[in-house]
Amino acid sequence: MSVKVRLIPTLLFKNTHLVKTVQFQRFRPVGIPVPAVKVYNQREVDELVFLDISATPQNRGPRLDLIAETAEECFMPMAVGGGVRTLEDIRNLLKVGADKVVINTEALERPEFITEGAGVFGRQCIVVSIDVKRNMAGKYEVYARGGTVPTGKDPVEWAQNAEALGAGEILLTSIDRDGMQEGYDVELIRSVASAVGVPVIASGGVGKPEDFAAAVLQGHASAVAAASLFHFTQHTPLDAKAAMRKAGVDVRL
């Protein structure tokens, strides 16, 4: 039996409000978390990714109060990230309702954190987020700290390393495509997804429902994430799934 491709809306929150970014900059307010989650409950999406993009710049841990309030209304699996730096952070997020925890900067700065988290909580709980953009030489490069710090790392090598260290899933985001609604960077997705054995969630760039199928059929993604499409167009998650089904992608309807 084939594993169904998951559709995952992404919610970014900055301080207490949801925002949408363009290339990880230009923050546009799009509401508050709980009402947004209630809408997605009704629209029967498969999972939710909830990222606090103000935690790392503010050098603080997760906002447990806000996450608890959101998780209480969330009737689907939820992956939560932003400012996750310790095993205690992971434990607290799972306690307040997260099903998975997303780590990014701490994993880059201290890769053994992936192994520690997977060892205590299970690798299925650990999602390593990889933010990528093309550098001046035109090569893909991994960025840390909300896309502001170049690391010199190649995304394929870093994804393979993260998997070997214990990551159960990769959230792969193209910074160049983020918020542009021009379609996924299929080349980037394919290069990473074909190099690892864990699921890769494609993120960054969806502009129309047909873009999802490209990430799966050409990029070999296991799941597809989107934000702008659902915030700023009339397209619904059902439209996205219908387009994927029409293209031959196995989704849960």
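Reading guide: rules and limits
Residues numbered from 1 in each chain as written. Predicted model: local features only at pLDDT ≥ 70, side-chain atom pairs only at ≥ 80, totals over all residues. Heavy atoms only, no water. Buried < 20%, exposed > 50% of the residue type's maximum accessible area, 1.4 Å probe, protein only. Helix = DSSP H or I, 4+ residues; strand = E, 2+ residues; numbered from the N terminus. Pairing = 2+ DSSP bridges. Core = buried A, V, L, I, M, F, W, Y, C linked by side-chain atoms within 4.5 Å. Contact = heavy atoms within 4.5 Å. Lys, Arg positive; Asp, Glu negative; His and termini not counted. Salt bridge = Lys/Arg side-chain N within 4 Å of Asp/Glu carboxyl O. Axes fitted to C-alpha atoms, helices over the stretch in contact; angles between N-to-C directions. Parallel < 35°, antiparallel > 145°, perpendicular 65-115°, else oblique. Left-handed = near helix turned anticlockwise from the far one by under 90°. Nonpolar A, V, L, I, M, F, W, Y, C, P; charged D, E, K, R; others polar. Right-handed = clockwise from strand over helix to strand, strands pointing away.

Engineer: I tried to follow the pairing of strand β2 (residues 17–22) on my own but got confused; where do I start?
Structural biologist: Consecutive residues of a regular strand have side chains that alternate between opposite faces of the sheet. Buried residues dominate β2, accounting for 5 of its 6 residues. Relative to β2, strand β1 (residues 6–14) is paired through 3 bridges, and the arrangement is antiparallel. Paired with Leu-12 across the two strands is Val-19, which belongs to β2. The hairpin formed by β1 and β2 contains 2 residues between the paired strands, and Asn-15 there has a positive phi angle of roughly 65°. Where β2 meets strand β3 (residues 25–31), 4 bridges bridge the pair, whose relative direction is antiparallel. Paired with Leu-18 across the two strands is Gly-31, which belongs to β3. Hairpin connection, β2 to β3: the antiparallel pair is bridged by 2 residues, and Gln-23 has positive phi, about 50°.

Engineer: So what exactly am I meant to see when it comes to the nonpolar core here?
Structural biologist: Within soluble globular proteins, side chains that are nonpolar generally end up buried alongside one another. Formed by 70 residues in total, the largest nonpolar core has its most connected members in Val-128, Ile-170 and Phe-212. What Ile-170 contacts, discounting residues up to four positions off in sequence, is Val-127, Val-128, Ile-130, Ala-159, Ala-162, Val-198, Pro-199, Val-200 and Ile-201. Counting 12 residues, the second-largest nonpolar core is a separate cluster that includes Ile-8, Leu-12, Val-19 and Leu-51.

Engineer: Sorry, what's going on with the side chain of Asp-185 here?
Structural biologist: Mapped onto the elements of the fold, Asp-185 is located in the loop between β10 (169–174) and α7 (186–193). This buried residue, Asp-185, is left without a salt bridge; Arg-177 holds the nearest opposite charge, at 4.7 Å. For Asp-185, the contacting residues outside a window of four places in its chain are Tyr-140, Ser-174, Arg-177 and Gly-204.

Engineer: Got a minute to help me understand the pattern of salt bridges in this structure?
Structural biologist: Counted under the stated rule, the structure contains 16 salt bridges. Here the salt bridges share partners, and the residues they tie into one network are Arg-6, Glu-47, Lys-100 and Glu-169.

Engineer: Whenever I open this one, the packing of helix α3 (residues 87–95) against helix α5 (residues 112–121) confuses me. Can you help?
Structural biologist: Helix packing geometry: the angle between the two helix axes and the distance between the axes. It is at 10 Å that the axes of α3 and α5 come closest, and there the two elements cross at 45°. Taken as axis vectors, α3 and α5 run oblique relative to one another. Classified by chirality, the crossing of α5 by α3 is right-handed. Along its contact with α3, which presents Leu-87, Ile-90, Arg-91 and Leu-94, the element α5 presents Phe-113, Glu-116, Gly-117, Val-120 and Phe-121. Considering only residue class, the contact of α3 with α5 consists of 6 nonpolar, 1 polar and 2 charged.

Engineer: Honestly, the environment of Val-206 in this entry has me stumped. Any pointers?
Structural biologist: The topology assignment puts Val-206 in the loop between β11 (200–203) and α8 (210–217). Sequence spacing of Val-206 and Gln-58 is 148 residues, and the spatial spacing of their C-alpha atoms is 29 Å. Excluding residues that lie within four positions of it along the chain, Val-206 makes contacts with Gln-181, Tyr-184, Asp-211, Phe-212, Ala-225, Ala-226 and Leu-229.

Engineer: What exactly am I supposed to notice about the pairing of β10 here?
Structural biologist: In terms of residue burial, β10 counts as a mostly covered element, since 6 of its 6 residues are buried. Burial along β10 is two-sided: Glu-169, Leu-171 and Thr-173 facing one way and Ile-170, Leu-172 and Ser-174 facing the other are all buried. As defined by bridge partners, strand β7 (residues 126–134) adjoins β10 across 6 bridges and the pair is classed as parallel. Across the sheet, Val-132 pairs through a bridge with Ser-174, a residue of β10. With 4 bridges connecting them, β10 and β11 associate as parallel partners. Across the sheet, the residue bridging to Ile-170 is Val-200, located in β11. Handedness of the β-α-β unit built from β10, α7 and β11 comes out right-handed.

Engineer: What am I meant to see in the environment of Glu-157 here?
Structural biologist: With respect to the element layout, Glu-157 can be found in helix α6 (residues 155–165). On the accessibility criterion, Glu-157 (54% relative accessible area) is exposed. Residues Glu-157 and Ala-195, spaced 38 residues apart in sequence, show a C-alpha to C-alpha distance of 8.5 Å.

Engineer: Would you mind showing me how to read the packing of helix α1 (residues 33–42) against helix α2 (residues 64–72) here?
Structural biologist: Remark: α1 packs on α2, axes separated minimally by 9 Å, with the N-to-C direction vectors making an angle of 25°. In this view, α1 runs roughly parallel relative to α2, as classed from their interaxial angle. Here α1 and α2 pass one another in a crossing that is right-handed. Judged by residue contacts, Pro-33, Val-34 and Val-37 of α1 engage Leu-66, Glu-69 and Thr-70 from α2. Here the contact of α1 with α2 is built from residues that sort into 4 nonpolar, 1 polar and 1 charged.

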